[in-house]
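# Observations on chain architecture
Listed here are the chains, written in short residue letters.
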Amino acid sequence: MAYSAKIGPSILNSDLACLGSECTRMMDCGADYLHLDVMDGHFVPNITFGHPVVECLRNQVGPEPFFDLHMMVARPEQWVRPMAAAGADQYTFHLEATSNVGNLIKEIRESGMKVGLAIKPNTTVEEMAPWAGQIDMALVMTVEPGFGGQKFMEDMMTKVSWLRSQFPSLDIEVDGGVGPDTIHKCADAGANMIVSGSAIMKSDDPRSVITLLRNVCAEAIQKRSLDR
Ligand SMILES: O=C(CO)[C@H](O)[C@H](O)COP(=O)(O)O
Ligand SMILES: [Fe+2]
């Protein structure tokens, strides 16, 4: 079992005027990586930031923090090289946004980044499965992408369980409405990369929330390894 529990705060719901210091604050509070939500106003009805901001963040926080770019954009092909140059570590694109998944995976790898593949709630996990052997991480969205602070969709957990049963060592990420109230469901289903936005950002004690999320997830991973 190669995977471990990792917590990646989404900075979408932070004070966007203070992105750099918010990223540093999250790493200081024990985050394992940073989940950066890129929205273009086409793939989703909202807009956030692009590669120039990612480059500034990288310069500010230094080389260490792992940047997982959640690309909620139409034509994700066009931002691979700019995001790699800006300092992204992982390029997570949506299956629904491209007609040539294989080529995009190749381009991301050639740019030196890890590959993440995301599916929206209405996309079946079977559509993602053919690519699972070629990616580093599968992202199962647990809200409709576009906005932070939405309600967790528990029915997505069947997708996570199925992926975990079929791909025992794959990194599986969940994103949307995940926090102390919903982490047990994610962890029991087999997710190991946990994105959490509002639950961490709005807390008075983000360090405790991050620790709790990681502990619940790590316990589930340990239990699964003992059950095997
Ligand atoms: O991709 C996203 C929205 O499309 C965000 O990563 C996600 O919503 C995180 O925020 P929260 O935990 O508040 O739901
Ligand atoms: Fe996200």
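None of these values were measured; they are calculated from a predicted model. (Residues numbered from 1 in each chain as written. Chains lettered and ligands numbered in written order. Predicted model: local features only at pLDDT ≥ 70, side-chain atom pairs only at ≥ 80, totals over all residues.)

Right, let's get into the UniProt feature "binding site: a divalent metal cation" (unreviewed entry) in the protein chain. Residues annotated in UniProt with the feature "binding site: a divalent metal cation" (unreviewed entry) correspond here to His-35, Asp-37, His-70 and Asp-175. Spatially, the listed residues are clustered: although they cover 141 residues, their C-alpha atoms lie within 10.5 Å of one another. When residues no more than four places from it in sequence are discounted, the contact partners of Asp-37 are Ser-10, Leu-12, Thr-48, His-70 and Met-72. Under the C-beta neighbour-count criterion, Asp-175 is labelled buried, with 27 such atoms within 10 Å. (UniProt positions renumbered as here; feature names shortened; annotations may be inferred. Contact = placed C-beta atoms within 7 Å. Buried ≥ 20, exposed ≤ 12 C-beta atoms within 10 Å, placed from the backbone.)

What follows concerns the pairing of strand S6 (residues 137-141). Most of S6 is tucked away, with four of its five residues classed as buried. Looking at chain direction, S6 and strand S7 (residues 171-175) are connected through five bridges and run parallel. Each residue of the ladder has a partner; that of Leu-139, found in S7, is Glu-173. Crossover connection from S6 via helix H6 (residues 157-166) to parallel S7: handedness right-handed. (Helix = DSSP H or I, 4+ residues; strand = E, 2+ residues; numbered from the N terminus. Pairing = 2+ DSSP bridges. Right-handed = clockwise from strand over helix to strand, strands pointing away.)

The next subject is the pairing of S7. Burial within S7 is extensive, with five of its five residues counted as buried. With burial as the criterion, each face of S7 is covered, one bearing Asp-171, Glu-173 and Asp-175 and the other bearing Ile-172 and Val-174. Relative to strand S8 (residues 193-196), S7 runs parallel, the two sharing three bridges. Counted as the bridge partner of Asp-175 is Val-195 from S8.

Before going further, it helps to examine the nonpolar core. Core analysis: the largest hydrophobic core is formed by 67 residues, its most contacted members being Tyr-91, Val-140, Val-160, Cys-186, Ala-191 and Ile-194. A total of five residues in this core trace back to one element, the largest contributor, which is helix H9 (residues 206-227). Setting aside chain neighbours within four positions, we find Ile-194 in contact with Ile-7, Gly-8, Val-174, Val-178, Ile-183, Cys-186, Leu-213 and Cys-217. (Core = buried A, V, L, I, M, F, W, Y, C linked by C-beta atoms within 7 Å.)

UniProt's entry tags Ser-10, His-70, Gly-146, Phe-147, Gly-148, Gly-149, Gly-177, Gly-197 and Ser-198 with the feature "binding site: substrate" (unreviewed entry), counted in the numbering of this structure. Mapped onto the elements, Gly-197 comes out in the loop between S8 and helix H8 (198-201). On the basis of neighbour count, Gly-197 is assigned to the buried category, with 26 C-beta atoms found within 10 Å. Here Ser-198 is to be found in helix H8. Residue classification places Ser-198 among the partly exposed residues on the basis of 17 C-beta atoms within 10 Å. If we skip the residues at most four places from it in the chain, Ser-198 touches Asn-13, Gly-148 and Gly-149.

As a further point, take the site of ligand 1. Neighbouring residues of ligand 1: 22 residues in total, closest Ser-10, Pro-145, Gly-148, Gly-197 and Ser-198. Breaking the shell around ligand 1 down by element, the ones donating at least two residues are strand S2 (34-39), S8 and H8. Among the residues making up the shell around ligand 1, the classes are represented as seven nonpolar, 13 polar and two charged. (Near = placed C-beta within 6 Å. Nonpolar A, V, L, I, M, F, W, Y, C, P; charged D, E, K, R; others polar.)

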